[in-house]
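Take a look at the letters that make up each chain.
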2 protein chains.
Amino acid sequence: MAKSLVFGHKNPDTDTICSAIAYATLKQKIGEDVEAVRLGAVGPETQFALDTFGVEAPREVKTVANEVETVILVDHNERQQSAEDIADVRVTEVIDHHRIANFETADPVYYRAEPVGCTATILNKIFKEKGVEIDKATAGLMLSAIISDSLLFKSPTCTQEDVDAAKELAAIAGVDAEEYGLEMLKAGASLSGKSARDLITIDAKEFSMGSYKVEVAQVNTVDVNDVFALRKDIEKEIAINLEENGLDLFVFVATDILSNDSTILALGAQAKAVETAFEVKLTDDMAILKGVVSRKKQIVPNLTAALS
Amino acid sequence: MAKSLVFGHKNPDTDTICSAIAYATLKQKIGEDVEAVRLGAVGPETQFALDTFGVEAPREVKTVANEVETVILVDHNERQQSAEDIADVRVTEVIDHHRIANFETADPVYYRAEPVGCTATILNKIFKEKGVEIDKATAGLMLSAIISDSLLFKSPTCTQEDVDAAKELAAIAGVDAEEYGLEMLKAGASLSGKSARDLITIDAKEFSMGSYKVEVAQVNTVDVNDVFALRKDIEKEIAINLEENGLDLFVFVATDILSNDSTILALGAQAKAVETAFEVKLTDDMAILKGVVSRKKQIVPNLTAALS
């Protein structure tokens, strides 16, 4: 069988990087020629996880069709979140936990999506189903992915299956999930040295909602004021982004990982949709969304409904 | 949890009907309120399977949003093959073995597709994963689905997993797969009393290929001449269908289940695409496709490539 690449979405987060590594490891153990790669820079939270468990970051690629004919996607399926030339390769497998949209194949495919909090939780099942043992480092990375996506089990996206998988993986990895998890999240929430441009691109995803193009960027922080100290510059960068990418709406979300509330800044022609979506009033283009931490479960569905 | 309906595609075949029943049975056994329904008439092959194992056909429905808020799809995902009002309900699960296209959700979903020959083969795994025993009648229906989709293990879509699942299910059902299978296929291949309109609608599916709308209808037979004795009427019915549904191409496929060849009749503005797709010459709008039995694996991918 020819070589395949496995990767997560652009602006890779901890689940995307760690699940790509874990699934490539599983595939290699059952004799398949698969390499994990990534579509962007490794963030500080992910780097903390990689360093803790002594694993190298996957190689960064811009395109994939120049290397392989087939690819495996983890932690995403929408083509605008994937490799630039995704249309030029055949997707043979998808392991994901997001909605399905802008995804189409010509042939039957292995597609495994479950409405759980993290791709790594599904991978934990697949390791068992295939009878492949999870090594200590891989378990550590998979645990990191679950902690990251679930904000240490506090996000509404977190299911009992995620909690159970994390418990199993923490035991294999030999760490205390709560203690290690808080350290890892703090490493990721450190925004020191970040420019306004960094803040709106670190974890940004573009969505089609109704007939509109919407980008939702999120940062985790322990102090929202720190983030919005750069508000003027953030607004400038968003304006450039709206223009360059032909967006109808840009929502910048700063999530306080201690209080589990988010402060949003909404700009673009469809900014008012935010008011309908979250039943809030924008003041000076901003609003506080109480108890909202999840882009996938709380922000995207509400915005999609408001714009459709 | 509110009630959910589970159903396969329009123009239901044996896999669609039997997998809907089997998955509803599994769900009921784990305490969920799920009812299997169908989107069209039960064909003679499926009726033979239902009669053999003493199971009632599911209730027929035209629409679903008038009954439930959520649905589960088996054996299909493309919206044009689903309930007319599929956009008005939330799809919570899909169990399928086809390509993914024209499918989109607002929320994360449980999606299980594998490139195997039959939905029932995937269900056989899910029963095991959930630790639910398969009763004799359900095993018989699942076996029937595999025999039907794999043309008694002769289709190129048939994988080792399908063969293995069929063996397990035949043992539970207490039948000889080869002997029972041939009887069932013959029951389905009997076209006596069928009108031209019946022939082009019994097992017809519509596809988007590139920017074209294409319908591929297939019948199984033990004598292709029997089928094309009605050629004049078949052509009239196809002409009506092309017009009414704004199709660019209609391919009618008569598959000989003994020789495993297919004879096709191609009509519509894009009929010539068939020549590129299968490297054949149409003579009087017809061609013989040697060794072609599978719409999914042999006909649709080739036509899609030729039209894209």
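Parameters at a glance
- Residues numbered from 1 in each chain as written.
- Chains lettered and ligands numbered in written order.
- Predicted model: local features only at pLDDT ≥ 70, side-chain atom pairs only at ≥ 80, totals over all residues.
- Heavy atoms only, no water.
- 1 Å grid on protein atoms, 1.4 Å probe; cavity = no way out; pocket = protein on both sides within 12 Å on 5 of 7 lines; lining within 4 Å.
- Points joined across faces, edges and corners; volume = space filled by probe spheres on them.
- Pairing = 2+ DSSP bridges.
- Helix = DSSP H or I, 4+ residues; strand = E, 2+ residues; numbered from the N terminus.
- Axes fitted to C-alpha atoms, helices over the stretch in contact; angles between N-to-C directions.
- Contact = heavy atoms within 4.5 Å.
- Expected span 1.5 Å × (residues − 1).
- Buried < 20%, exposed > 50% of the residue type's maximum accessible area, 1.4 Å probe, protein only.
- Polar contact = N/O pair within 3.5 Å; in protein donor to acceptor, adjacent residues only side chain to side chain.
- UniProt positions renumbered as here; feature names shortened; annotations may be inferred.
- Least-squares fit on C-alpha atoms with pLDDT ≥ 70 in both.
- Parallel < 35°, antiparallel > 145°, perpendicular 65-115°, else oblique.
- Left-handed = near helix turned anticlockwise from the far one by under 90°.
- Nonpolar A, V, L, I, M, F, W, Y, C, P; charged D, E, K, R; others polar.
- Buried area = accessible area lost by both parts, 1.4 Å probe.
- Salt bridge = Lys/Arg side-chain N within 4 Å of Asp/Glu carboxyl O.
- Patch = residues over 30% accessible without salt bridge, like charges linked within 9 Å, V, L, I, M, F, W, Y side chains within 5 Å.
- Areas by Shrake-Rupley, 256 points an atom, 1.4 Å probe, with all protein chains shown as cover.
- Lys, Arg positive; Asp, Glu negative; His and termini not counted.
- Charge placed at Lys NZ, Arg CZ, Asp CG, Glu CD.
- Phe/Tyr/Trp six-rings, centres within 6.5 Å; stacked < 30°, edge-to-face > 60°.

## So, empty space enclosed by the protein
One pass over the structure, following the stated rule, counts one cavity of 30 Å³ or more. Of the volumes computed, that of the largest cavity is approximately 30 Å³. Forming the walls of the largest cavity are Pro108 of chain A together with His97, Pro115, Val116, Thr157, Lys296 and Lys297 of chain B.

## Quick word on the sheet that holds strand β10 (residues 262-267) of chain A
Residue and element names in this part refer to chain A. What the five strands build is an open sheet, ordered β7-β8-β9-β10-β11; its pairing is mixed. Across the chains shown, the open sheet's two edge strands, defined by having one partner strand only, are β7 (204-209) and β11 (286-289). Going across the sheet, the axis of each strand differs from the next one's by a mean of 25°, ignoring polarity. Taken together, the six bridges between β7 and strand β8 (residues 212-221) define a ladder with antiparallel strand orientation. Among the inter-strand pairings, Lys205 is bridged to a residue of β8, identified as Val216. Across the face of the sheet, helix α9 (residues 231-244) comes into contact with β8, β9 (249-256), β10 and β11 while running at roughly 50° to β10.

## A look at helix α1 (residues 14-29) of chain B
Given 3.6 residues per helical turn, the α-helix brings residues three or four places apart onto the same face. Residue and element names in this part refer to chain B. Over its 16 residues, α1 extends 22 Å from the first C-alpha to the last, a length consistent with the 22 Å expected when each residue adds 1.5 Å. By the criterion of burial, α1 is predominantly enclosed, with 14 of the 16 residues buried. At the N-terminal boundary of α1, the capping side chain belongs to Asp13, with an oxygen 3.4 Å from the backbone nitrogen of Asp15. Following α1 by one or two positions, Gly31 has its phi on the positive side, about 90°.

## Things to note about the UniProt feature "binding site: Mn(2+) 1" (unreviewed entry) in chain A
Residues and elements named next belong to chain A. Here, the residues flagged by UniProt with the feature "binding site: Mn(2+) 1" (unreviewed entry) are His9, Asp13 and Asp75. In three dimensions, the annotated residues from a span of 67 residues occupy one location, with a maximal C-alpha spread of 9.6 Å. Summarising the element assignment, His9 is placed in the loop between β1 (4-7) and α1 (14-29). When residues no more than four places from it in sequence are discounted, the contact partners of His9 are Thr16, Leu39, Val74, Asp75, His76, Gln81 and Lys205. Position of Asp75 among the secondary structure elements: in the loop between β4 (70-74) and β5 (90-96). What Asp75 contacts, discounting residues up to four positions off in sequence, is His9, Asp13, Asp15, Thr16, Ile95, Asp96, His97, His98, Thr119 and Asp149.

## Regarding the sheet that holds β4 of chain A
Spatially, 12 strands are ordered β3(A)-β2(A)-β1(A)-β4(A)-β5(A)-β6(A)-β6(B)-β5(B)-β4(B)-β1(B)-β2(B)-β3(B) in an open sheet, and the strand pairing comes out mixed. Edge positions in the sheet fall to β3 (59-60) of chain A together with β3 (59-60) of chain B, since each of these pairs with one other strand and no more. The pairing of β5 of chain A with strand β6 (residues 110-113) of chain A spans four bridges and is classified as parallel. Looking at β6 of chain A, one finds that Val94 of chain A is bridged to Tyr111 of chain A. Each of β4, β5 and β6 of chain A together with β6 (110-113) of chain B is contacted by helix α3 (residues 119-129) of chain A, which is oriented at about 105° to β5 of chain A, the strand it contacts most.

## With respect to the relation of the copies chain B and chain A
Relating the two copies of this chain is a rotation about some axis coupled with a shift parallel to it. Between chain B and chain A, which share one sequence, the superposing operator has a rotation angle of 180° and an axial displacement of 0.0 Å; the RMSD is 0.0 Å. Taken together, the rotation and translation relating the two chain copies correspond to the operation of a two-fold axis. Across chain B, the smallest distance between a C-alpha and the rotation axis is recorded for Arg112 of chain B, namely 2.5 Å. Take the interface residues of chain B: 100% of them recur as interface residues in chain A, which is what a same-surface contact looks like.

## Quick word on the packing of helix α3 (residues 119-130) of chain B against helix α5 (residues 160-173) of chain B
Residues and elements named next belong to chain B. Two elements in contact, α3 and α5, have axes separated by 9 Å at closest approach and are oriented at 60°. In this view, α3 runs oblique relative to α5, as classed from their interaxial angle. By crossing handedness, the relation of α3 to α5 is classed as left-handed. Where α3 abuts α5, its residues Thr121, Asn124, Lys125 and Lys128 lie against Glu161, Asp162, Ala165, Glu168 and Leu169. Taken together, the residues of the contact of α3 with α5 sort by class into two nonpolar, two polar and five charged.

## Things to note about the interface of chain B and chain A
Taken together, the contacts link 22 residues of chain B with 22 residues of chain A. Between chain B and chain A, roughly 2,000 Å² of surface is buried when both sides are summed, and carbon and sulfur atoms account for 59% of that area. By the criterion of area lost to chain A, the three top residues of chain B are Arg99, Ile100 and Pro108 of chain B, representing 27% of everything that side buries. Here chain B and chain A share zero salt bridges between them. Listed by contribution, the elements that provide at least two residues to the side of chain B that touches chain A are β6 and α11 (295-307) of chain B.

## Quick word on unusual backbone geometry
Residues and elements named next belong to chain B. Despite not being glycine, Asn11 shows a phi value in the positive range, around 50°. With respect to the element layout, Asn11 can be found in the loop between β1 (4-7) and α1. The exposure class of Asn11 is partly exposed, given its relative accessible area of 26%. The backbone of Leu152 sits at a positive phi, close to 55°, despite the residue not being glycine. Its location among the elements puts Leu152 in the loop between α4 (136-150) and α5.

## Structural notes on a negative patch on the surface
All names here are of chain A. A contiguous patch of negative charge, built from Asp176, Glu178, Glu179 and Glu183, is present on the exposed surface. Mapped onto the fold, Glu178 is located in helix α6 (residues 177-189). You can call Glu178 partly exposed: its relative accessible area is 47%.

## Thoughts on the packing of aromatic side chains
Residues and elements named next belong to chain B. Counted by the stated rule, this structure contains nine aromatic pairs over all chains. Taken together, a centroid distance of 6.0 Å and an interplanar angle of 25° make the contact between Phe48 and Tyr180 stacked. Of this pair, Phe48 sits in helix α2 (residues 44-52) while Tyr180 sits in helix α6 (residues 177-189); the two residues are 132 residues apart in sequence, bridging distant segments of the chain. Judged by relative accessible area, which is 24%, Phe48 ranks as partly exposed.

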